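This is what each chain is made of:
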Amino acid sequence: MAGIKAIVQKIWSYNLMRYPVYILLVAGAWQAVFLSRMFPQILFPSIGQIMSSLLKESMDGSMLLKLAFSMRLIIIGMLVSAILTVVLTLLAMYSKSVKSLISTLISVFDPLPGIALLPLAILWAGIGDEAIIFIMIHSIIWPMLLNIIGGFNTVPIIYQDVGRSIGLKDSKLITGVFIPASIPSILTGFKTGWARAWRALISAEMVFGATGASGGLGWDIYMKRSYLDMPGMFASLIVIMLIGIVVEDIIFKKIENNTVKKWGMVM
Amino acid sequence: MKKKLIIILMIAIMGVVFAGCSKPEVLGTEKSDYSDVTIRFAQQYGMQYAPAYIMQRLGLLEKRLPGAKLEWTKFGGGSAMNEALISNQLDVAFMGIPPVLIAIDKGVDYRIACGICVPPAELIVRPDLGISSLKDIKPENKIAAPSIGSIQHIMLSMASKKILGDANAFDKNLIAMANPDAYTALRSGTEVVAHFASMPYIDMEINDGMKSILTADDAGGGASIVCVATKALNSNTKVYNELMAALGEAIELINKQDEEAVKIISETEKISIEAAKKYIAWPGTKYTTDLYRVDELAEFMYEAGYIKNKSKGFDSMTWEGAESAGK
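A brief look at the structure comes next. (Residues numbered from 1 in each chain as written. Chains lettered and ligands numbered in written order. Predicted model: local features only at pLDDT ≥ 70, side-chain atom pairs only at ≥ 80, totals over all residues. Heavy atoms only, no water.)

**So, the overall build of chain A**
Working step 1: Secondary structure summary: chain A contains twelve helices and zero strands in total.
Working step 2: Listed by position from the N terminus, the elements making up chain A come as α-α-α-α-α-α-α-α-α-α-α-α.
Working step 3: For chain A, the C-alpha atoms occupy an extent of roughly 70 × 65 × 30 Å along the three principal directions.
Working step 4: Look at the contacts in chain A between residues 6 or more apart in sequence, and 70% of them connect residues 24 or more apart.
Working step 5: For chain A, the accessible surface area stands at approximately 13900 Å², while carbon and sulfur atoms represent 73% of it.
Working step 6: Taking the average place of the 21 positive charges on the side chains of chain A and the average place of its 13 negative ones, the gap between the two points comes to 9 Å. (Helix = DSSP H or I, 4+ residues; strand = E, 2+ residues; numbered from the N terminus. Contact = heavy atoms within 4.5 Å. Areas by Shrake-Rupley, 256 points an atom, 1.4 Å probe, with all protein chains shown as cover. Lys, Arg positive; Asp, Glu negative; His and termini not counted. Charge placed at Lys NZ, Arg CZ, Asp CG, Glu CD.)

Next up, the structure:
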């Protein structure tokens, strides 16, 4: 008996095992609301309608195409932002005035939603992928910088002194002390950036419309909404949530386990 | 821990459920005091909605229904209006025909009450690329229209069927952009080479040296912006009839270029009095309660696959008393 309990607890301790239970609970509540006819059923479709729409689009490959389109933009946005963040962080490390300039920029730009910059994006980057990437970079880079520079700032002096006393200098000091010591902040920066990238992408696509032959998930949601295809719209939202779960619980978890957890920085 | 999570989840779901509950409005019965009547209106931006906002500003309906509470909101487009109508947040809305047909196709039970305006619609292109017809638009060029399933989108589709024999020829060129964004994009040399514009953007773009290569006539003629009313509002005959009369009065004022009406248009659209007069008389513009092209649009949208069910005719899309302008 105790053995079974332990096994159940062990399984329960994995996020991926817990999700199905949560999902079933939410789906059950959703279906109950649908059946209660509390909301017009055109706007609040049943789980069955949503799932069959999801299944249909997954089978004919159209969902995969839209997902690939969006993922490509997200990856470009994340990569460019990461490179810019590294460069700006290094500059901030070397010069106090650059650091204060960057923190001013962060406080000025971070609260601005990317969509508010739309007219500028159109003016400078046109209306293609570039404009969406421009808006995405704006959304990703400020929280990323904030976390990473913040992380570097809070590296205890004693670590830095240890680094210096074993002969580390300049770039060696950064790679040997600052980066490992601020991995938790760097990870938070990337996680926040990732979430912001999705938000920016979806809202930019909903404003811009299709930019390529097909368009991504944001455009898809916009189209389905225009045609009152609510099951399809919720199906696309589910896909975005699934991507979130996969990235958070598989990719970021793995990085965390191999770095901060392994090194005993967090429990 | 897990119990806590489940409780939080439940609370969140309940929150969503209750937040959406809305009290259904009560429409009063016939009498001389209408203080128990609330009518919730929604209109959009642009001169084609002038009959609605002139009726609002001059209190033409209040005059007829003393004491009635009229609530006005502005929406950015037909799809949000559809959602609001379906969730019983609105009684009357002013919009283009295509979103109405999309909703009726899905089984929504509101109907068209009357037309308010046939606005001009023109495809404006950049002058430097030698585009003189739809045929010159290349796959990499973009055509901006206010939204998907908007009258501009459907008109582009109708024109492309007429000229190129394929209704969906430009589906991949289409980009949904609000009028001001499209104006910026067209002027700043982006991939946007054409804009299916409405007033006053048509005039502004032409004044900037852009060219008009297509009008609503090339798509078979202009289509109405319509007033839709819910079943509940329609069943209150007195209120419904007064609404129709008030809209009719507003339209009459616009057509005779009544000083006050023109002034309201110029203030609302932030244009000069002269421009307001010029736009009222712009070729292709008609302010009328007659409905233009409801049947043709229903047929076209069915054939091109925008709606699933074949229309059961004019009477299935409109309330009794709505008048078609014929062809």
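**Some remarks on the overall build of chain B**
Working step 1: The number of helices and strands found in chain B is 14 helices and ten strands.
Working step 2: Per-residue burial over chain B gives 56% buried out of 327 residues.
Working step 3: In chain B, once contacts between residues fewer than 6 apart in sequence are set aside, the share between residues at least 24 apart is 76%.
Working step 4: A total accessible area of about 14000 Å² is found for chain B, and carbon and sulfur atoms account for 53% of it. (Buried < 20%, exposed > 50% of the residue type's maximum accessible area, 1.4 Å probe, protein only.)

**Overview of the sheet that holds strand β10 (residues 225-229) of chain B**
Residue and element names in this part refer to chain B.
Working step 1: Across the sheet, five strands lie side by side as β2-β1-β3-β10-β4; this open sheet has mixed pairing. A strand with exactly one partner marks an edge of an open sheet, and here the two such strands are β2 (69-74) and β4 (111-117). Neighbour-to-neighbour, the strand axes of the sheet open up by a mean angle of 25 degrees, direction not taken into account.
Working step 2: The pairing of strand β1 (residues 38-43) with β2 spans six bridges and is parallel. Along β2, the bridge assignment pairs arginine 40 with glutamate 71.
Working step 3: Along the sheet, helix α4 (residues 78-86) makes contact with β1, β3 (92-96) and β10, crossing β3 at roughly 150 degrees.
Working step 4: Helix-sheet contacts for helix α5 (residues 97-105) involve β3, β4 and β10, and the interaxial angle to β3 is about 115 degrees. (Pairing = 2+ DSSP bridges. Axes fitted to C-alpha atoms, helices over the stretch in contact; angles between N-to-C directions.)

**Digging into the nonpolar core**
The nonpolar side chains of soluble globular proteins are, as a tendency, buried together.
Working step 1: In terms of nonpolar packing, the biggest core is built from 185 residues, with Met136 of chain A together with Ile39, Phe41, Met55 and Phe94 of chain B touching the most fellow members.
Working step 2: It is helix α7 (residues 129-153) of chain A that provides the largest number of residues to this core, a total of 14 residues.
Working step 3: Apart from residues lying up to four places away in sequence, phenylalanine 94 of chain B is in contact with Phe41, Ala42, Gln43, Gln44, Tyr49, Ala52, Trp72, Met81, Ile116, Val226, Cys227 and Leu247 of chain B. (Core = buried A, V, L, I, M, F, W, Y, C linked by side-chain atoms within 4.5 Å.)

**Considering the packing of helix α11 (residues 217-226) of chain A against helix α12 (residues 230-261) of chain A**
Residue and element names in this part refer to chain A.
Working step 1: With their axes 8 Å apart at the nearest point, α11 and α12 run at an angle of 160 degrees to one another. Here α11 is positioned roughly antiparallel relative to α12, judged by the angle of their axes. Handedness of the α11/α12 crossing: left-handed. Packed against α11, whose contacting residues are Leu217, Asp220, Ile221, Lys224 and Arg225, the element α12 presents Met230, Gly232, Met233, Ser236, Leu237, Val239 and Ile240 at the interface.
Working step 2: Classifying every residue of the contact of α11 with α12 by side-chain character gives seven nonpolar, two polar and three charged. (Parallel < 35°, antiparallel > 145°, perpendicular 65-115°, else oblique. Left-handed = near helix turned anticlockwise from the far one by under 90°. Nonpolar A, V, L, I, M, F, W, Y, C, P; charged D, E, K, R; others polar.)

**Describing a nonpolar patch on the surface**
Working step 1: Side chains of Ile75, Ile76, Leu79, Val80 and Leu84 of chain A sit close together on the surface and give an oily, nonpolar patch of about 380 Å² of accessible area.
Working step 2: Here isoleucine 76 of chain A shows up in helix α4 (residues 62-94). (Patch = residues over 30% accessible without salt bridge, like charges linked within 9 Å, V, L, I, M, F, W, Y side chains within 5 Å. Salt bridge = Lys/Arg side-chain N within 4 Å of Asp/Glu carboxyl O.)

**Concerning the packing of aromatic side chains**
All names here are of chain A.
Working step 1: Applying the stated criterion across every chain yields a total of 13 aromatic pairs over all chains.
Working step 2: A ring pair is formed by tryptophan 124 and phenylalanine 134, whose centres lie 6.0 Å apart and whose planes are at 75 degrees; its orientation type is edge-to-face. Of this pair, tryptophan 124 sits in helix α6 (residues 118-125) while phenylalanine 134 is found in helix α7, placing the two residues ten residues apart along the sequence.
Working step 3: Ring centres of tryptophan 219 and tyrosine 222 lie 5.5 Å apart, and the angle between their planes is 20 degrees; this geometry places the pair in the stacked category. On the criterion of helical spacing, the pair formed by tryptophan 219 and tyrosine 222 is a turn pair, its members being three residues apart in helix α11.
Working step 4: Of the residues examined, tryptophan 219 reaches a relative accessible area of 6% and is grouped as buried.
Working step 5: Within the aromatic cluster, the residues linked to one another by ring pairs are Trp30, Phe39, Phe44 and Phe234.
Working step 6: Against the face of phenylalanine 69 rests arginine 72, its NZ or CZ located 5.7 Å from the ring centre. (Phe/Tyr/Trp six-rings, centres within 6.5 Å; stacked < 30°, edge-to-face > 60°. Lys NZ or Arg CZ within 6 Å of the ring centre and 35° of its normal.)

**Overview of the sheet that holds strand β5 (residues 122-125) of chain B**
All names here are of chain B.
Working step 1: Spatially, five strands are ordered β7-β6-β8-β5-β9 in an open sheet, and the strand pairing comes out mixed. Two strands lie at the open edges of the sheet, namely β7 (174-176) and β9 (211-215), each paired on one side alone. Each strand of the sheet is rotated relative to its neighbour by a mean of 30 degrees, with strand direction disregarded.
Working step 2: With respect to the sheet, helix α7 (residues 179-187) is in contact with β5, β6 (142-145) and β8 (192-197), its orientation differing from that of β8 by roughly 150 degrees.

**Considerations on a negative patch on the surface**
Working step 1: Where like charges cluster on the molecular surface, the negative patch consists of Asp295, Glu299, Asp315 and Glu320 of chain B.
Working step 2: As for its placement among the helices and strands, glutamate 299 of chain B is situated in helix α13 (residues 294-303).

**Here we look at the environment of aspartate 217 of chain B**
Working step 1: Mapping aspartate 217 of chain B onto the fold places it in the loop between β9 and β10.
Working step 2: Between the C-alpha atoms of aspartate 217 of chain B and alanine 159 of chain B, which are 58 residues apart in sequence, the distance is 8.9 Å.

**Side note on the pairing of β1 of chain B**
All names here are of chain B.
Working step 1: The buried count for β1 comes to six of six residues, which makes it a mostly enclosed element.
Working step 2: Burial along β1 is two-sided: the face carrying Thr38, Arg40 and Ala42 and the face carrying Ile39, Phe41 and Gln43 are both buried.
Working step 3: When β1 meets β3, the two strands line up parallel, connected through two bridges. Following the sheet pairing, alanine 42 is matched in β3 by alanine 93.

**So, the environment of threonine 289 of chain B**
All names here are of chain B.
Working step 1: With respect to the helices and strands, threonine 289 occurs in the loop between α12 (273-280) and α13.
Working step 2: Judged by its relative accessible area of 30%, threonine 289 is partly exposed.
Working step 3: Residues in contact with threonine 289, not counting those within four places in the same chain, are Cys114, Gly115, Gly248, Ile251 and Glu323.

**Quick word on the pattern of salt bridges**
All names here are of chain B.
Working step 1: The final tally for this structure, using the stated rule, is 23 salt bridges over all chains.
Working step 2: Between glutamate 249 and lysine 63 there is a salt bridge, with the nearest N and O atoms lying 3.2 Å from each other. Of this pair, glutamate 249 sits in helix α10 (residues 237-255) while lysine 63 sits in helix α3 (residues 60-64); the two residues are 186 residues apart in sequence, bridging distant segments of the chain.
Working step 3: For lysine 63, a relative accessible area of 53% translates into the label exposed.

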